[in-house]
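So you can see what is in the structure, the chains are spelled out below.
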Amino acid sequence: MTQVLQLTLSGIALGCVYGLIALGFVLIYKATETVNFAQGEIMMVGSFFGLTAGVTLGLPYWAVIIFAIVVTAVCGMLIELAILRPILGQPAFTVVMVTIGLGFIARGVVTMVPAWGTETHTLKTPFTGQVIRVGELVLAGEQVAIIAMTALLCGVLWVFFKRTKMGVAMQATSQNQLAAYYMGIPVRRINTLIWGIAAGVAAFAGILLAPITFVHSNMGFIGLKAFPAAVVGGFGSVPGAIVGGLVIGLVESFAGFYAPEGIKDIAAYIVVLIVLWVRPNGLFGEKLRKKV
Amino acid sequence: MRFVFKTDYQQDIKLFKHPGYYPWYAALAILLLLAPLVLPTYYLSQMTLICIYAIIAVGMMILTGFTGQVSLGHAAFLAVGAYTQGWLYNKGVPSVVAMGAAVALSAAVGVIIGVPALRVKGIYLTIATFSFAFIVEEVLARWESVTGGNSGLKVEDFYFFGIDIAASEQRFYLLALAFLVGVMLLAINLMRSPMGRAFVAIRDSEVSAQSMGIHLARYKTYAFAISAALTGFAGALYMHKIKFVSPEQFGILASIEFLMMVVIGGLGSLHGAIYGAIFMIALPQAISIAKDYLPAYIGQQTGLQPTVFGLILIGFILFEPLGIYGRWMKIKAYFELFPFYRNAMFKRQKTYMKSDRLK
């Protein structure tokens, strides 16, 4: 029983990280109908910024988080302005290739930056090594922190999208871009901001992930596991992204313990193939049909 | 500017559009056939690799460039081809039979991955293909009795109809070149057959293709099977060329490389497939040569290659969406129309955000 609870907890913690990266995909997809294959790499860059803030500048943990989010969000907006704006309206595949290229550049450039390089770094958090005991259950402080902070971020995003003018404008843009234009919403600026938010969320995920996987230039490949999360939740659904992430995290966590060796690494992909087979639009996906 | 005056329907499906092409292709053929006499072994070996990659690129082109189905899992087909070839060949099966088996098995795997493709499209398909490729990679690493697991699979030699191909680079090159020419002819013929036309129709608009009576499910499956079969065939050659394969050669990065090959070469043209293959083999060489001339700080960086790859990919998409082939078309048009060429002639049509979602 304790075993199951432990596995559930670590699964949820991992799932939160997948969910946050998937959230980035979904935000961008909903707003601009393009898929950002570099989301994992943006997360990697974000955690490197966190590393700079925490180790090189010696800032406290909360400042590290804010620094990483802000700097990465600015990077995200610059990427949108410089590279994605010119190809707005091109087929989705074009954007996929551009973001794949961005991912390559990010992986390459990160290794060239002094103090980042190709080595594996650790990012100290206040939770590292802390343990919370609830009865027989031993909870790692990091995992509890990840879950709590993800919940907090989701709350903030929820309030932002429901209550603020900008958030509502973003929702309108994602539902119907043309109609949003007519309503006087600055759609292009909104797209830039969406990229900023997605990059910021990715940086947050990167900071949370840093104590678990360490910070290195290939940590962005975990973004490839967030794709299944986004698909399981339905690509166009924000709560779906988090739920999908949790599903993938839990499946992976349990597969690692109960299934034969090797299944853990591909569990996410098996799940996504099954979901695509059974419900091609994901658990929360909207039904799509194309007008001629 | 040459205008081809058509007097016959057969002219529409001719292999060469007009006789002006004959001398150029003849010259190309002579150059390629003379290459083994002149080039040093190392360059010849790279040429062989280009031929093998070009076969993969043709396979990718049929699926991605002509049918419009983006696959990020082609490394899996290459792996299936390579491992089938290696395993059977080591069991003493003649290489021709093994190649047949490799092609058939890859095609079968292509059909399996094609099945979800009938229900999902766009980005979902891309995710389905790379998920599938991950699973294949893991199977290769775990199924040790057949694949040798992470320690890989080796072949010692390559006898093709009793000829020891692996003994000399010249022989391998000529064989790969012959196969490439065969594959090209097959692809050209495919694209002017009803099936090829159906592929292009599906790429341009699935709804219109369907209303013209094209069975979407069937033709998409064909496209996957043909593409996978060609990639598997290339895999069989790859096995003998590299002599040693292990699962990590067939990861997601390889699949991305194949996709980059067709995008940079020029989507939707068979010339583009060849250009893409040449580019993909030549670029790492060019980078390693350029390293000697760069300042030491930059030249020593391991991240140089991915950065250059990414920059070139983005550069092509932003400035030359039709790839190397598109650039070639423009240069050709410039000289054919001289002095009437205008920059705006190939200007990308201004498009507005089109939603695929119904709202």
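Residues numbered from 1 in each chain as written. Chains lettered and ligands numbered in written order. Predicted model: local features only at pLDDT ≥ 70, side-chain atom pairs only at ≥ 80, totals over all residues.

Opposite the 49 residues of chain A that make contact, chain B presents 43 residues. Taken together, the elements giving at least two residues each to the side of chain A that touches chain B come down to α4 (92-112), α9 (223-233) and α11 (263-278) of chain A. Tallying contributions element by element places α4(A) first for the side of chain A that touches chain B, with 17 residues. For the side of chain A that touches chain B, the residue count by class is 32 nonpolar, 11 polar and 6 charged. (Contact = placed C-beta atoms within 7 Å. Helix = DSSP H or I, 4+ residues; strand = E, 2+ residues; numbered from the N terminus. Nonpolar A, V, L, I, M, F, W, Y, C, P; charged D, E, K, R; others polar.)

Our focus in this paragraph is the nonpolar core. Counting 204 residues, the largest nonpolar core has B:Ala54, B:Ile55, B:Ala57 and B:Val58 as the members making the most contacts within it. Per-element accounting of this core gives the leading share, 17 residues, to helix α8 (residues 187-213) of chain A. Contact partners of B:Ala57, with chain neighbours within four places excluded, come to B:Met261, B:Val262, B:Gly265, B:Ala273, B:Gly276 and B:Ala277. (Core = buried A, V, L, I, M, F, W, Y, C linked by C-beta atoms within 7 Å. Buried ≥ 20, exposed ≤ 12 C-beta atoms within 10 Å, placed from the backbone.)

Here the focus is helix α1 (residues 21-38) of chain B. Over its 18 residues, α1(B) runs 25 Å from end to end, which matches the ideal 26 Å to within 8%, given 1.5 Å per residue. For α1(B), a buried count of 0 out of 18 residues is recorded, marking the element as mostly open to its surroundings. (Expected span 1.5 Å × (residues − 1).)

Residue and element names in this part refer to chain B. Relative orientation of the contacting elements helix α2 (residues 41-66) and helix α11 (residues 252-265) amounts to 75°, with a least axis distance of 9 Å. With respect to each other, α2 and α11 are oriented roughly perpendicular. Across from Tyr-53, Ile-56, Ala-57, Met-60, Met-61, Thr-64 and Gly-65 in α2, the residues of α11 making contact are Phe-258, Leu-259, Met-261, Val-262 and Gly-265. Looking at the contact of α2 with α11 residue by residue, the classes come out as 9 nonpolar, 3 polar and no charged. (Axes fitted to C-alpha atoms, helices over the stretch in contact; angles between N-to-C directions. Parallel < 35°, antiparallel > 145°, perpendicular 65-115°, else oblique.)

Let us look at the confidence of the model for chain A. For chain A, the mean per-residue pLDDT works out to 84, and 97% of the residues sit at or above 70. Looking across chain A, the model is least confident in strand β2 (residues 137-140) of chain A, with a mean pLDDT of 75, and most confident in helix α3 (residues 61-84) of chain A, with 91. (pLDDT = per-residue confidence, 0-100.)

Turning to unusual backbone geometry, a few remarks are in order. As a rule of thumb, non-glycine residues mostly have phi less than zero, and peptide bonds are mostly trans rather than cis. A cis amide bond links B:Phe338 with the next residue in sequence, B:Pro339, at an omega value of 0°. The residue B:Pro339 is located in the segment after α15 (323-336) in this model. Of note in this structure, A:Phe214 is not a glycine but carries a positive phi near 70°. Within the secondary structure, A:Phe214 sits in the loop between α8 and α9.

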